[in-house]
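Fold and contact review
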2 protein chains.
Amino acid sequence: MLQDEAVFLAGYDARAYDGPSVTVDLVLMSVVDGAPAALLTRRDEQPHAGKWALPGGFVAVDEDLDAAARRILAYKAHMDGAYVEQLYTFGGVGRDPRMRVISVAYFALLPADRFSAALEADPALTLARISATNCNPAEVTGMKGALPLAFDHADILGVAMQRLRGKIDYSPLAFALLPERFTLRALQDVHEAILGQSLNKSAFRRRMLDRGWLEATGERETGASFRPAELFRFRPINAKV
Amino acid sequence: MLQDEAVFLAGYDARAYDGPSVTVDLVLMSVVDGAPAALLTRRDEQPHAGKWALPGGFVAVDEDLDAAARRILAYKAHMDGAYVEQLYTFGGVGRDPRMRVISVAYFALLPADRFSAALEADPALTLARISATNCNPAEVTGMKGALPLAFDHADILGVAMQRLRGKIDYSPLAFALLPERFTLRALQDVHEAILGQSLNKSAFRRRMLDRGWLEATGERETGASFRPAELFRFRPINAKV
DNA sequence: TTGACATATATCCATGACGGACATAAGTAA
DNA sequence: TTACTTATGTCCGTCATGGATATATGTCAA
């Protein structure tokens, strides 16, 4: 921050010198129609009015950081129970032109159906498709073309995708993106969407079944006009998340 | 800056409430005598007087988060140029009994010689050995037995070791713990100290040489009473840190 | 000068994970 | 009943790894 700019702000609020404010920003992610997606809210006010931002909010002085993330998940995104993990803390001085804000980013993973339900429940939310192939900076497109992102939220989205790609093949993150019962094909689709590349089918099945995370239900999918696949369930034994 | 954006800033009340304070805590790590170690400072004041803490400090309102980490590295640990990476943000309400403090933890990696130099330069610092095998919670011992840790710094140390263990075999982190020239044996010693287990020698050599990170210098170590090993140098080509 | 010694370096092989091809199974639809 | 499509299981070549073994190369002592 420039010196005269600091003096300018100090004239309006002396407490600006107390220290940085802390917010939590949430990257709500899912895989929709074979592509990674995130939920964004449209900014009505300055700065960055009209641009799209991650749901977020200030951390209260008597509130755990994780609790703040869950509160924002429930209040601004109308959902709870999602898998939530702290992502990274963004603390550049110029992130927000109003004042100094340090933002602790979290990402939350949701199955596509709950994702859609949240979209319908809140018209202020929109779905942004994230290009998995070219992810730095994150290119997001909505229903009507590209979505300009507010603040450094494109960076945050990029780091979230990066983390997801790095962890998905050795952690059970993918199960948070699927319904309770799913086929091996659906599981592979999620992996391929996150990684942005197709995977070998035999090797993928072997790997997943050998890992011990899957429990066969004995049931099979319905509605397909071909041989139905068996439905599996996530068995969180020896789970390392 | 847009016209209406400037108008908006002029009337903005920077802070409507008092929020949490933000500090940066530094986990200064190295491998000393075949064991992972960290630098701690002794607390003189309450709370936790007499216990040992990570070097840390408040983040100024006009200071980048990363800059704060580098400042603390320079002022409290008397060193610079180390490899520094953000670790995790600890935001529990009861962390500090005095007031609400959210701490962004960083870890810094240093070769053992610079580690020792910092120890000699500042008598307030002490070296804590970290048991790599049983790392949760981190057990640290100094020269005279166990070191009780202040606040939640044992947790932070544990997360730092966990991160280091998780990243060392697929990232060039180990080179930040070695001098500029080193033997393959020294590199393996560092890996084994971090992982807390011995590694297969042939496989380790093959893996490291195939990875393309090592540049042979043609020189050999001196002072050994047996066949001297070749000295290698880290070649940061295609480096992913 | 020479040989013992300790470690570095190179070679070889068994094992297991993986990519990929192929055959078979099991549903729907005509 | 047959065509069709995908699921599921089997087989094999390739490659990374663990591990053993052989050779190379320095110091040190006799």
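Quick caveat, the model's predicted, so the values are computed rather than measured. (Residues numbered from 1 in each chain as written. Chains lettered and ligands numbered in written order. Predicted model: local features only at pLDDT ≥ 70, side-chain atom pairs only at ≥ 80, totals over all residues.)

1. Observations regarding the domain arrangement of chain A
All names here are of chain A. Splitting chain A by domain gives domain 1 (3-164) and domain 2 (172-234). Sorting the residues of the side of domain 1 that touches domain 2 by element identifies strand 1 (21-32) and strand 2 (35-42) as the ones contributing at least two each. Counted by class, the side of domain 1 that touches domain 2 contains 8 nonpolar, 3 polar and 1 charged residues. (Domains from an automatic or database assignment. Helix = DSSP H or I, 4+ residues; strand = E, 2+ residues; numbered from the N terminus. Nonpolar A, V, L, I, M, F, W, Y, C, P; charged D, E, K, R; others polar.)

2. Focus on the protein's contact with DNA strand C
The full set close to DNA strand C counts 17 residues, and Ala203(A), Arg227(A), Arg185(B), Phe226(B) and Glu230(B) are the nearest of them. At the level of elements, helix 6 (201-211) of chain A together with helix 5 (184-195) of chain B are the ones that each hand at least two residues to the surface near DNA strand C. Here the surface near DNA strand C takes 4 residues from helix 6 of chain A, the largest share from any one element. Split by residue class, the surface near DNA strand C holds 6 nonpolar, 5 polar and 6 charged. (Near = placed C-beta within 6 Å.)

3. As for the protein's contact with DNA strand D
Residues in close proximity to DNA strand D total 17 residues, the closest being Arg185(A), Phe226(A), Glu230(A), Ala203(B) and Arg227(B). Secondary structure elements with two or more residues in the surface near DNA strand D: helix 5 (184-195) of chain A together with helix 6 (201-211) of chain B. No other element matches the 4 residues that helix 6 of chain B contributes to the surface near DNA strand D. For the surface near DNA strand D, the per-class residue count stands at 6 nonpolar, 5 polar and 6 charged.

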